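Observations on the three-dimensional arrangement
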Amino acid sequence: MTIVNYDPRLVKSKNPYPKGPNDWKRFFSFNTDAKVIGIQYIVTALFFLLIGGLLAMLIRGELITPPSDLFDPTVYNGLYTMHGTIMLFLFLFPILSGLTNLLVPPMIGAPDMAFPKLNALAFWLVPVFSIILLLSFFVPGGPASSGWWSYPPISIQNPLGKIINGEMLWIIAISLSGISSIIGAVNFVTTIIRMRAPGMGFFKMPIFIWTVLAAQLLQLLGLPALTGGAIMLFFDLTFGTSFFRIEGGGDPVLFQHFFWFYSHPAVYVMVLPVFGIFSELFPVYSRKPLFGYKFVAVASFGITILSLVVWVHHMFYTGTPMWMRNLFMFTTMLIAVPTGVKVFAWIATLWGGNIRLTTPMLFCLGGLFNFIFGGITGVMLATVPVDIHVGNTYFVVAHFHYIIFNTIAFGIFAAIYHWFPKFTGRMFYEGLGKVHFALTFIGATLNWLPLHWAGLLGMPRRVASYDPEFAIWNVLASIGAFILGVASIPFILNMVSSWVRGKSAPPNPWKAIGLEWLLPSPPPHENFEEDIPTVLNEPYCYGLDKPFVEDEQFYIEKSLKKH
Amino acid sequence: MNTKIRRIKKSGFSKTYIIIIAVILNIGLSLLMGYWSYSWLPIQASEASHYVDNLFAFETTIGTFIFLGCTGTMAWILVFNRAPKYDESNGEPLEGNLKLEIIWTIVPLLLVLGISTYSTRVNYKLENLGSKIKYDYGAEVPFVEEKKVFDYGPIDVISRQWNWEFVYPNGIHSSELHLPVDKKSNFRLITEDVIHSFYVPAFRLKQDIIPGSVITYSLTPTKEGVFRLRDAMFSGAYFSENQTNVIVESEEIFYKWIKETVKKELQNGLNPAGNLYQKRLRNGNRGWATVKPAPDPKVNDAGIESRPHDS
């Protein structure tokens, strides 16, 4: 109830769209409301999940038989490059930015983000670079086809010699994506540091906020290296400079350092908010406080700091000297410590709880299960002698899909279901959600578990054809991929029909503790408006009889009234 | 909530037994998985193989123990801690346990220290990588004095988009890599265009080949047979065709092969990518852009493309 001294212009700012906040057209405009931007991000990203998924099924269609028979190998290379690029830069990063936009202001009791216009700019760059990237399918010579690493010299070979080529458009799209993410990161970090509700000290922030802060600081520290590397690559490709070109005395391995200095931490940028989602959801659906809140919170920063000094593990066999391999093996393995703290804390949170297996909880449990597996294969990959055998094989592909899809995308689905009622004001259909979970879990397991064996036996990644001894693992994987394709049907059906005609959602359908659940569903434009709550205790005090905010009853009644 | 706490307290005695049995079962299963893990890998054909496989089995054992420990606990929770329908009460409000949290920070820390010490020792045992010398583009590949001891070599391994060529110290050229068993062979890894990777799964060894650098590399095959050499660093359109065979022979047969091959005339060697590209041109050059494959290598021993391989 305390009134905070925000800049009055911020609280009183008019919604820039003249027809008011509930017009559907606002989703297609340069709207500065973080909740609108969040939904814009999420819907755009889900559209690209479908495109990336379609490409994945084409890839698995080619790989279901050993010879290269469905496409010309050049087409295959373009398809897998675009699959990786779309999934990372057009699906995962945008959808996490979307969730962050939706959740950060309500969770910390802020009316909006610190820089609403920058926020809208960061979003609108997404369709711009997406279109540039998709246009590259139609330029002569086809899209970029050197993998999402885009290592020179292969990426700057430019076979047709044209100035405008797929690789060039790819680099432009990636650089714009980097700029968009840096803008977003500045915004998120500022908002979290400067705009928390009174009483919400750092150790009273929800874990999701901790992980977003850790992830976005990582973006600020790492992204300039990749964006810089991409610009140098652009100069080499287009203007014939020699940053990485051996003809002019450049060094192709230098690019790998620029690339991985960011692109390994990028995985943590994506996985940290998902750890936050797990930490939010496990307490709600087991009705217990998060076990070891402070440890879990600080562990996020342990991951951030360590992840900046692990990148060479992607380069163990590029001629890296022995001492460097040993050093980076050790730093990489150290990441298992803070992640282990989190995993054990989640399991301890579940222990002795009152577990409710709702759709979001199922996705969280499935995600945690897969993450434990993917974490263990991660330590194996960090081990230099093992990595020298399985590096650049399907073992790596299987491992990173276990992290990037089976953990991160699972967490994202959990978050979408969990907060769907809050931001749309509608309940989703539990039955369809469970079908979606079952198909996703079976499909994902069938798709990526068998590929570990293909990799152990020595099947290189990125091949369009392979020796017949790898066929069995690939047939299983392809069936899994097609099941995953089918899994999108109940999801889309659920989301669209629930949003259009689902039961209206109460303010707090899951009986969760958190500032966002004290707001009406959907929350008003400026969240708490003038009645910013004062936070009293740590979050997740389930069963502890400690109110989260001062005068909780006032907010509960207010949220019901608006509804 | 109260009934639940009481139920757990009452069964405290049998719970200790359950935990002991579960841990023993877990240890048994983990050891079994570690034992099985050897069968997931190709034939052991070099001195590196058994070091790598032992390390992998060790990690599989520990990994299985952790995986089953965590997921077994999750399964237990899912069976016994489910909330009855319409029950929205809270669970036990445990906020944390400092002792437990310190234990699960220290134990993984010690574990990764142990694993990385073990693998560092394996690294120093293997020591396949020699030196990496940069040279100017277009200049002759410099001669590099290998400081490490080896029995045979140096063999020049030349990688291209997309074929392999091997040049032996006596000047013979071959499309397949013939090696004497149980002898430490030395290589100079050279690429004429982009980054490639010298990868023989049966040897458990992989080394990238960097344009503008020559890398020296040594390994000892320990088993006779035919093994696949696969390019493991994406190198463009016909990357997946960039494979050849490593033929490990007894010393006697190997030197006989050297002696006979030196008499053979140079002929066109293996170039499956070149053949596919010709086919593509015949079919109207459809598909997306690619650089032209390197011409057929001129070799004394042309090799056999469809030679059956052991691994």
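Everything numeric in this text was worked out from a predicted model, so none of it was measured.

Turning our attention to the overall build of chain B. Helix and strand counts for chain B stand at 6 helices and 13 strands. Here the C-alpha atoms of chain B give a radius of gyration of 28 Å, more than 25% beyond the 19 Å that 2.2 N^0.38 yields for 311 residues. When the backbone C-alpha atoms are referred to their principal axes, chain B occupies close to 90 × 50 × 40 Å. Here chain B holds 311 residues, and 41% of them are scored as buried. A separation of at least 24 residues holds for 77% of the contacts in chain B among residues at least 6 apart in sequence.

When helices and strands are tallied, chain A shows 16 helices and 0 strands. What you see for chain A is a C-alpha radius of gyration of 23 Å, in line with the 24 Å of a compact globule of 563 residues. Taken over the C-alpha atoms alone, chain A extends approximately 70 × 50 × 50 Å along its principal axes. Of all 563 residues assigned to chain A, the portion counted as buried reaches 64%. Long-range contacts, defined as pairs at least 24 residues apart, comprise 82% of the intrachain contacts of chain A with a sequence gap of at least 6.

Turning to the sheet that holds strand β9 (residues 213-219) of chain B, a few remarks are in order. To summarise the sheet geometry, strands pair through backbone hydrogen bonds and adopt either a parallel or an antiparallel arrangement. The sheet built from 6 strands is open, its strands ordered β1-β9-β6-β2-β3-β4 (chain B) with mixed pairing. Edge positions in the sheet fall to β1 (129-134) and β4 (173-174) of chain B, since each has one partner strand and no second.

The next point concerns the nonpolar core. By size, the foremost hydrophobic cluster in this structure holds 262 residues, and its most contacted members are Ile108(A) and Ile209(A). When residues of this core are assigned to their parent elements, the largest contribution, 21 residues, is made by helix α7 (residues 252-286) of chain A. Counting only domains with at least three residues in this core, you end up with domain 1 (15-78 + 97-126) and domain 2 (129-299) of chain B. Every residue in contact with Ile209(A), bar those within four places of it in the chain, is listed here: Val104(A), Met107(A), Ile108(A) and Ile192(A).

Residue and element names in this part refer to chain B. In terms of burial, strand β6 (residues 185-191) is largely enclosed, as 7 of its 7 residues are buried. Covered by surrounding structure in β6 are Ser-185, Phe-187, Leu-189 and Thr-191 together with Asn-186, Arg-188 and Ile-190, the residues of both alternating faces. Across 6 bridges, strand β2 (residues 152-159) lies against β6 in parallel orientation. Its bridge partner lying in β6, Ser-159 is registered against Thr-191.

Another point: the UniProt feature "domain: Cytochrome oxidase subunit II copper A binding" (unreviewed entry) in chain B. UniProt annotation of "domain: Cytochrome oxidase subunit II copper A binding" (unreviewed entry) refers to residues 150-260 of chain B when read in the numbering used here. In residues 150-260 of chain B, helix accounts for 9% and strand for 50%; the two terminal C-alpha atoms are 24 Å from one another.

Moving on to the UniProt feature "domain: Cytochrome oxidase subunit I profile" (unreviewed entry) in chain A. Following the UniProt record, the feature "domain: Cytochrome oxidase subunit I profile" (unreviewed entry) maps to residues 24-536 of chain A here. Split by type, residues 24-536 of chain A is 67% helix and 0% strand. Its first and last C-alpha atoms lie 37 Å apart.

Next up on the list: the interface of chain B and chain A. With 80 residues of chain B at the contact, the number on the chain A side is 84 residues. Listing elements by their share of the side of chain B that touches chain A, those giving two or more residues are α3 (47-80), α4 (98-126), β1, β7 (196-200), β8 (205-209), β9 and β10 (225-231) of chain B. For the side of chain B that touches chain A, the leading source of residues is α3(B), giving 14 residues. Per-class residue counts for the side of chain B that touches chain A are 42 nonpolar, 22 polar and 16 charged.

This part takes up the domain arrangement of chain B. Quite often, the size of an interface is put as the accessible area lost when its parts meet. All names here are of chain B. Along its sequence, chain B is organised into domain 1 (15-78 + 97-126) and domain 2 (129-299). Between domain 1 and domain 2, the C-alpha centre-to-centre distance is 37 Å. Listed as interface residues are 9 residues of domain 1 and, on the opposing side, 13 residues of domain 2. Per-class residue counts for the side of domain 1 that touches domain 2 are 5 nonpolar, 3 polar and 1 charged.

In this section: the packing of helix α10 (residues 336-350) of chain A against α3(B). The description of two packed helices rests on the angle between their axes and on the distance between the axes. Interhelical geometry of α10(A) versus α3(B) gives an angle of 20° and a closest axis separation of 10 Å. Put simply, α10(A) runs roughly parallel to α3(B). Viewed along their axes, α10(A) and α3(B) form a crossing whose handedness is left-handed. Residues Val343(A), Ile347(A) and Leu350(A) of α10(A) touch α3(B), and the partners they reach there are Cys70(B), Thr73(B), Met74(B) and Ile77(B). For the contact of α10(A) with α3(B), a count of residues per class yields 6 nonpolar, 1 polar and no charged.

Moving on, we come to α7(A). Residues and elements named next belong to chain A. For α7, which comprises 35 residues, the first-to-last C-alpha distance of 51 Å matches the rise-based estimate of 51 Å (1.5 Å per residue) to within 8%. Where α7 bends most, the angle comes to about 30°, and this point is Trp-260. The element α7 is largely enclosed, with a buried count of 31 among its 35 residues. Count one or two residues on from α7 and you reach Arg-287, which has phi positive near 55°.

The subject of this paragraph is the confidence of the model for chain B. On average, residues of chain B carry a pLDDT of 92, and 96% of them reach 70 or more. Segment residues 1-6 of chain B is flagged for pLDDT under 50; beyond a separation of four residues in sequence, or across chains, it makes 3 contacts in the model.

Generally, phi is negative for residues other than glycine and the peptide bonds are trans, each holding for most cases. In this structure, Pro154(B) follows Gly153(B) across a cis peptide bond, with omega equal to -5°. Tracing the chain through its elements places Pro154(B) in strand β2. The residue after Gln161(B), namely Trp162(B), is reached through a cis peptide bond having omega 0°. Examined against the element boundaries, Trp162(B) turns out to sit in the loop between β2 and β3 (164-167). Although it is not a glycine, Ser150(A) adopts a positive phi angle of roughly 55°. Tracing the chain through its elements places Ser150(A) in the loop between α4 (116-135) and α5 (166-194).

With that settled, the discussion passes to the environment of Val141(B). Residues and elements named next belong to chain B. Mapped onto the elements of the fold, Val-141 is located in the loop between β1 and β2. Given 14 C-beta atoms within 10 Å, Val-141 falls into the partly exposed group. On a C-alpha basis, the gap between Val-141 and Leu-68 in space is 53 Å, while along the polypeptide they are 73 residues apart. Setting aside its immediate chain neighbours within four residues, Val-141 contacts Tyr-135, Ile-190 and Val-214.

Attention shifts here to the UniProt feature "transmembrane region" (unreviewed entry) in chain B. Residues and elements named next belong to chain B. Per the UniProt annotation, the sites labelled "transmembrane region" (unreviewed entry) are residues 16-36, 56-79 and 100-118. Secondary structure across residues 16-36 comprises 100% helix and 0% strand; the distance between its end C-alpha atoms is 30 Å. Annotated as 100% helix and 0% strand, the span residues 100-118 places its first and last C-alpha atoms 27 Å apart.

For the rest of this paragraph, the subject is the packing of α3(B) against α4(B). Residue and element names in this part refer to chain B. At a minimum axis distance of 10 Å, the contact between α3 and α4 shows a crossing angle of 175°. As summarised for this structure, α3 and α4 are arranged roughly antiparallel, according to the angle between their axes. From α3, Ala-48, Tyr-51, Leu-55, Glu-59 and Ile-62 reach across to α4, where they touch Leu-111, Ile-115, Tyr-118, Ser-119, Val-122, Lys-125 and Leu-126. Here the residues of the contact of α3 with α4 sort into 9 nonpolar, 1 polar and 2 charged.

This brings us to the sheet that holds strand β5 (residues 177-180) of chain B. Residues and elements named next belong to chain B. Pairing is mixed across the open sheet formed by 5 strands, whose spatial order is β5-β11-β10-β7-β8. The open sheet has two edge strands with one neighbour each: β5 and β8. For this sheet, the mean inter-axis angle between neighbouring strands, taken without regard to orientation, is 25°. Across 2 bridges, the pairing between β7 and β10 is antiparallel. When the bridges of β10 are listed, Tyr-199 appears paired with Arg-230.

This part is about the environment of Met270(A). One can find Met270(A) in helix α7. Along the sequence, Met270(A) and Ser97(A) sit 173 residues apart, while their C-alpha atoms lie 9.6 Å from each other.

As a further point, take the confidence of the model for chain A. Looking at chain A as a whole, the pLDDT averages 93, with 96% of positions reaching at least 70. Counted against residues more than four places away or in other chains, residues 8-20 of chain A, with its pLDDT under 50, gives 17 contacts.

Reading guide: rules and limits
- Residues numbered from 1 in each chain as written.
- Chains lettered and ligands numbered in written order.
- Predicted model: local features only at pLDDT ≥ 70, side-chain atom pairs only at ≥ 80, totals over all residues.
- Helix = DSSP H or I, 4+ residues; strand = E, 2+ residues; numbered from the N terminus.
- Rg over C-alpha atoms; globule rule 2.2 N^0.38 Å.
- Buried ≥ 20, exposed ≤ 12 C-beta atoms within 10 Å, placed from the backbone.
- Contact = placed C-beta atoms within 7 Å.
- Pairing = 2+ DSSP bridges.
- Core = buried A, V, L, I, M, F, W, Y, C linked by C-beta atoms within 7 Å.
- Domains from an automatic or database assignment.
- UniProt positions renumbered as here; feature names shortened; annotations may be inferred.
- Nonpolar A, V, L, I, M, F, W, Y, C, P; charged D, E, K, R; others polar.
- Axes fitted to C-alpha atoms, helices over the stretch in contact; angles between N-to-C directions.
- Parallel < 35°, antiparallel > 145°, perpendicular 65-115°, else oblique.
- Left-handed = near helix turned anticlockwise from the far one by under 90°.
- Expected span 1.5 Å × (residues − 1).
- Bend = angle between axes of the 7 residues up to and from the residue.
- pLDDT = per-residue confidence, 0-100.

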